[in-house]
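Residue-level listing of the chains:
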Amino acid sequence: GLHSLSPLIEEIADMVRENEQVKSASSDDVDTTPVIFVGGKGGVGKTSISSSLAVALASSLEHDLKVLVVSTDPAHSLGDALDVDLRNVESVNGKKKPTLLMDPLTNGKLHALEVDPSAALAEFQSN
């Protein structure tokens, strides 16, 4: 059956709060931003889960979170899941810039980006 994302949302929000406390208590300039990876075999729902999770986090009224969801899926289905075109986006110094979603649900707190893993690897290897 369908399960709620609420327990996961709460766990991530707690992680963000704990990380902010660690960062404020530390004199180091350490990035404590949580990174959540969604992985699995083809067709298991990675894009569905990650886009749903991103929307739920960004639209939470209880937690004021800015969210970036990134997909490396060659099928470019993240844009379809979020109902936004992520293929022809603004670039800064030749690098794709995340698209800010301004829908009423996420209210400017959700950014999305599709990355071509082959192109990213080729760029990395050339530098």
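Preceding block: the structure.
My aim in this report is to walk through the structure given alongside it, one point at a time. (Residues numbered from 1 in each chain as written. Predicted model: local features only at pLDDT ≥ 70, side-chain atom pairs only at ≥ 80, totals over all residues. Heavy atoms only, no water.)

### Quick word on the side chain of Ser-59
Moving on, step 1. Structurally, Ser-59 can be placed in helix H2 (residues 46-59).
Moving on, step 2. Here the side chain of Ser-59 touches Val-55 through a polar contact of 2.7 Å, landing on its backbone oxygen.
Moving on, step 3. Filtering out sequence-adjacent residues up to four positions away, Ser-59 remains in contact with Leu-105 and Thr-106. (Helix = DSSP H or I, 4+ residues; strand = E, 2+ residues; numbered from the N terminus. Polar contact = N/O pair within 3.5 Å; in protein donor to acceptor, adjacent residues only side chain to side chain. Contact = heavy atoms within 4.5 Å.)

### Description of unusual backbone geometry
Moving on, step 1. Within the chain, Asp-83 stands out as a residue other than glycine whose phi angle is a positive 60°.
Moving on, step 2. Here Asp-83 shows up in the loop between helix H3 (78-82) and strand S2 (91-92).
Moving on, step 3. Here Asp-83 falls in the exposed class, since its relative accessible area comes to 72%.
Moving on, step 4. Notably, Asn-107 is not glycine yet its phi reads approximately 50°, a positive angle.
Moving on, step 5. With respect to the helices and strands, the residue Asn-107 is situated in the loop between strand S4 (99-101) and strand S5 (110-114). (Buried < 20%, exposed > 50% of the residue type's maximum accessible area, 1.4 Å probe, protein only.)

### Notes on the sheet that holds strand S1 (residues 67-71)
Moving on, step 1. The mixed open sheet is built from three strands, whose spatial order is S1-S5-S4. Each end of this open sheet is capped by a strand with a single partner; those strands are S1 and S4. In this sheet, neighbouring strand axes are inclined to one another by 25° on average, regardless of whether the strands run parallel or antiparallel.
Moving on, step 2. The pairing of S4 with S5 spans three bridges and is antiparallel. Residue Thr-99 lies in a different strand from S5, and its bridge partner there is Ala-112. (Pairing = 2+ DSSP bridges. Axes fitted to C-alpha atoms, helices over the stretch in contact; angles between N-to-C directions.)

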